[in-house]
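Here are the chains, one letter per residue:
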Number of protein chains: 2
Amino acid sequence: MSFKELVKVLGLGAVAVVLGVEWLDWLTRRLRVSRGPLKEVLFFPSPHVCVEHLFTRLRRFPCACPLPHGIETSFSRLLEHLLSARTSLDLCVFSFSHMELSRGILLLHKQGVIVRVVTDRDYMTITGSQIGTLRKAGICVRHEMSTAVHMHHKFALVDGKKLITGSLNWTLTAVQSNKENVMITEEPALVQPYQQEFQRLWEASDPTNHKPQTKLKPSFVISD
Amino acid sequence: MSFKELVKVLGLGAVAVVLGVEWLDWLTRRLRVSRGPLKEVLFFPSPHVCVEHLFTRLRRFPCACPLPHGIETSFSRLLEHLLSARTSLDLCVFSFSHMELSRGILLLHKQGVIVRVVTDRDYMTITGSQIGTLRKAGICVRHEMSTAVHMHHKFALVDGKKLITGSLNWTLTAVQSNKENVMITEEPALVQPYQQEFQRLWEASDPTNHKPQTKLKPSFVISD
């Protein structure tokens, strides 16, 4: 094969590869549209792997930690969905002590995403809770003020259009040790009721509508 | 107006009412189809009302209890979906002490519905748990046997096609006092992963695959 022919073959090959990638991308988007809004289900426990690349947005494993790298898990998918927020994150969670999820929220807050958190009155003060860390960073957190025994929801709304909900509390035990489920969907018929519920709870938990409490609850150990 | 005219008007009125009801029924079904598979979201706490008519399948409030009658609540909707089972009910629940939900499952079992329950090893023996009642009635219950800290799921599959899932444990506190959510859907893309997860847990919890335990866990108080 002459040099000229070789160049021709390589050139045609490159064009074919580019067109193939474009076609695959188009096909993926087309299939996604035909399947309707996003619907994804994650099950836990999730293996403990490095998720550093999700925070730094570099895919070439910048970290030298001893954890396995480059592996997609239920937790990494959950974190990816959380970090996909561009304008707002509404979080309604019973128990929140997971350090990496907390780091994710702090990062979003730093990037200008409007974060609102509603949590349980008792569980917000337990040992290991990340609620104090979020508050210290300037994130607005409210707690349930009704006579309800517990604010037991575990859902999040990303940019008001993506719902993350399930049995999973945002704790290390839940993520790494329990049998749990999380559903992620952009189906409007499911997202809207949760958005309305969040707004209702947010307004009902507004401290300006309530008298200050004189009796403080003591701290106690983490439980799900 | 003569008697003949009166009969004519009444007759035409009756025909109009019947046609109107038929048209409304057709319209409701048409709208349901155009909206796609069932998607319903329930929020709790739910008011305590009489649900006796759901068990007896009579709509004329046969019971004389002091509770409010004829009111649809989140709990009555949940119970209605549960009682809609005709062939199978697969239940995967962390904590189960709610008497009326237990009664519903016993009724389904009596009607020949195949009921399978997977529950948490520790919470199945707590005070008030209905797991023993289900077992005594001949319902097959298995508990988590892996090293997982808790089997924390709270989902049910009705006839293998309707998914009931959320934050709600099947306890009186969860139903009547907590802020909770339950989603009911027949969307295949959401139902199928839960069906597969149930089957996986069911097989993994098969006692014939495990050695008998020598150490029994002590009973303890109910908590969510």
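Everything below is about the structure shown above.
First, a word on what this report is: a plain description of the structure on this page. (Residues numbered from 1 in each chain as written. Chains lettered and ligands numbered in written order. Predicted model: local features only at pLDDT ≥ 70, side-chain atom pairs only at ≥ 80, totals over all residues. Heavy atoms only, no water.)

**Describing the interface of chain A and chain B**
Rule in force here: The contact criterion used throughout is that any non-hydrogen atoms of two residues lie within 4.5 Å. The term buried area refers to how much accessible surface (probe radius 1.4 Å) is lost by two components on association, counted for both of them together. Note on definitions: salt bridges are taken to be side-chain nitrogens of Lys or Arg within 4 Å of carboxyl oxygens of Asp or Glu.
The interface is formed by 35 residues belonging to chain A together with 35 residues belonging to chain B. Summed over both sides, the interface of chain A with chain B buries roughly 2,900 Å², with 65% coming from carbon and sulfur. Looking only at chain A, the three residues that lose the most surface to chain B are Phe43, His152 and Lys179 of chain A, adding up to 23% of its buried area. Remark: the boundary between chain A and chain B carries 2 salt bridges. With a shortest N-O distance of 3.9 Å, Glu144 of chain B and Lys179 of chain A are connected by a salt bridge.

**A look at unusual backbone geometry**
Residue and element names in this part refer to chain A. Counted only if it meets this: Labels follow the DSSP assignment, with helices taken as runs of H or I lasting at least four residues and strands as runs of E lasting at least two, numbered in each case from the N terminus.
Omega for the peptide link from Phe44 to Pro45 comes to 15°, which places this bond in the cis form. With respect to the element layout, Pro45 can be found in the loop between β1 (39–44) and α2 (52–56). Phi is positive for Asp159, which is not a glycine, with a value near 55°. By secondary structure assignment, the location of Asp159 is in the loop between β5 (154–158) and β6 (162–166).

**Observations regarding the sheet that holds β5 of chain A**
Residues and elements named next belong to chain A. Counted only if it meets this: One bridge is not enough; two strands pair if DSSP finds at least two bridges between them. Lines fitted to the C-alpha atoms define the axes, with helices restricted to the stretch that makes contact. Angles between their N-to-C directions range from 0 to 180 degrees.
Across the sheet, which stays open at both edges, the 7 strands sit in the order β1-β7-β6-β5-β2-β3-β4 with mixed pairing between neighbours. Each edge of the open sheet carries a strand with a single partner, namely β1 and β4 (140–143). Averaged over all pairs of adjacent strands, the angle between strand axes in this sheet comes to 15°, irrespective of strand direction. Note: strand β2 (residues 88–93) against β5, 5 bridges, orientation antiparallel.

**Side note on the pattern of salt bridges**
All names here are of chain A. Just so we agree on the cut-off: Buried residues are those whose accessible area, probed at 1.4 Å on protein chains only, stays under 20% of the maximum for their type, while exposed residues exceed 50% and partly exposed ones sit between those limits.
Under the definition given, this model contains 14 salt bridges over all chains. Two residues, Glu80 and Arg77, come together in a salt bridge whose shortest N-O distance is 3.5 Å. On the criterion of helical spacing, the pair formed by Glu80 and Arg77 is a turn pair, its members being 3 residues apart in helix α3 (residues 74–83). Taking relative accessible area as the criterion, Glu80 reaches 25% and is therefore assigned partly exposed.

**Remarks on the pairing of strand β7 (residues 180–185) of chain A**
In regular strands, side chains alternate between the two faces of the sheet. Residues and elements named next belong to chain A. Within β7, 6 of the 6 residues are buried, which leaves the element mostly enclosed by the surrounding structure. Sheet topology places β1 next to β7; 6 bridges connect them, and they run antiparallel. Residue pairing in the sheet places Phe44 in a bridge with Glu180 of β7. Across 4 bridges, the pairing between β6 and β7 is antiparallel. Bridged to Leu163 within β7 is Thr185.

What is shown is where atoms sit, not what they do.
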